[in-house]
Amino acid sequence: VGAFVMCSVRNPETVIQEARRVLKYDGTLVLLEHVAPEGEARRMVIRAMSAARRAFSWCELIRDPEKCVKASGMRIDHVELCGTWIPWKVIIARKE
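Here the structure is a predicted model, which is why all the values come from computation and not from measurement.

Draft legend 1. Spotlight on the environment of Ala71. Mapping Ala71 onto the fold places it in helix H3 (residues 65-71). The class for Ala71 is exposed, based on a relative accessible area of 62%. Along the chain, Ala71 and Glu13 lie 58 residues apart, while their C-alpha atoms are 8.1 Å from each other.

Spelled out as structure tokens, the structure:
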């Protein structure tokens, strides 16, 4: 289980690969991760958060944790988008 990790690490692909490595066959990875909103809200949030991130080392909202999980070779069983202004995704994946 990881919560709001992928948005704050330097190399999310490496984190997912390591999670996959330590999972047993058919083991489950559950992520709760920030994602950028769509449309004009997305642009406004990214602009505001980019300045804050540089100043305070906060979250990188433009990353795509779902894409990282898929690229690792894990099977995604469920994705749920939650929230509105700064949304997050619940991603449940399984090592095959």
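Next comes the rest of the write-up.
Draft legend 2. Main features of the side chain of Glu33. Among the structural elements, Glu33 can be located in strand S2 (residues 28-34). Look at Glu33 and you get buried, because its relative accessible area is 0%. One polar contact links the side chain of Glu33 to the main-chain amide nitrogen of Met6, over a distance of 3.0 Å. Ignoring anything within four residues of it in the chain, the contact list for Glu33 reads Gly2, Ala3, Phe4, Val5, Met6, Cys7, Pro65, Pro87, Trp88 and Lys89.

So, how was this worked out
- Residues numbered from 1 in each chain as written.
- Predicted model: local features only at pLDDT ≥ 70, side-chain atom pairs only at ≥ 80, totals over all residues.
- Heavy atoms only, no water.
- Helix = DSSP H or I, 4+ residues; strand = E, 2+ residues; numbered from the N terminus.
- Buried < 20%, exposed > 50% of the residue type's maximum accessible area, 1.4 Å probe, protein only.
- Polar contact = N/O pair within 3.5 Å; in protein donor to acceptor, adjacent residues only side chain to side chain.
- Contact = heavy atoms within 4.5 Å.

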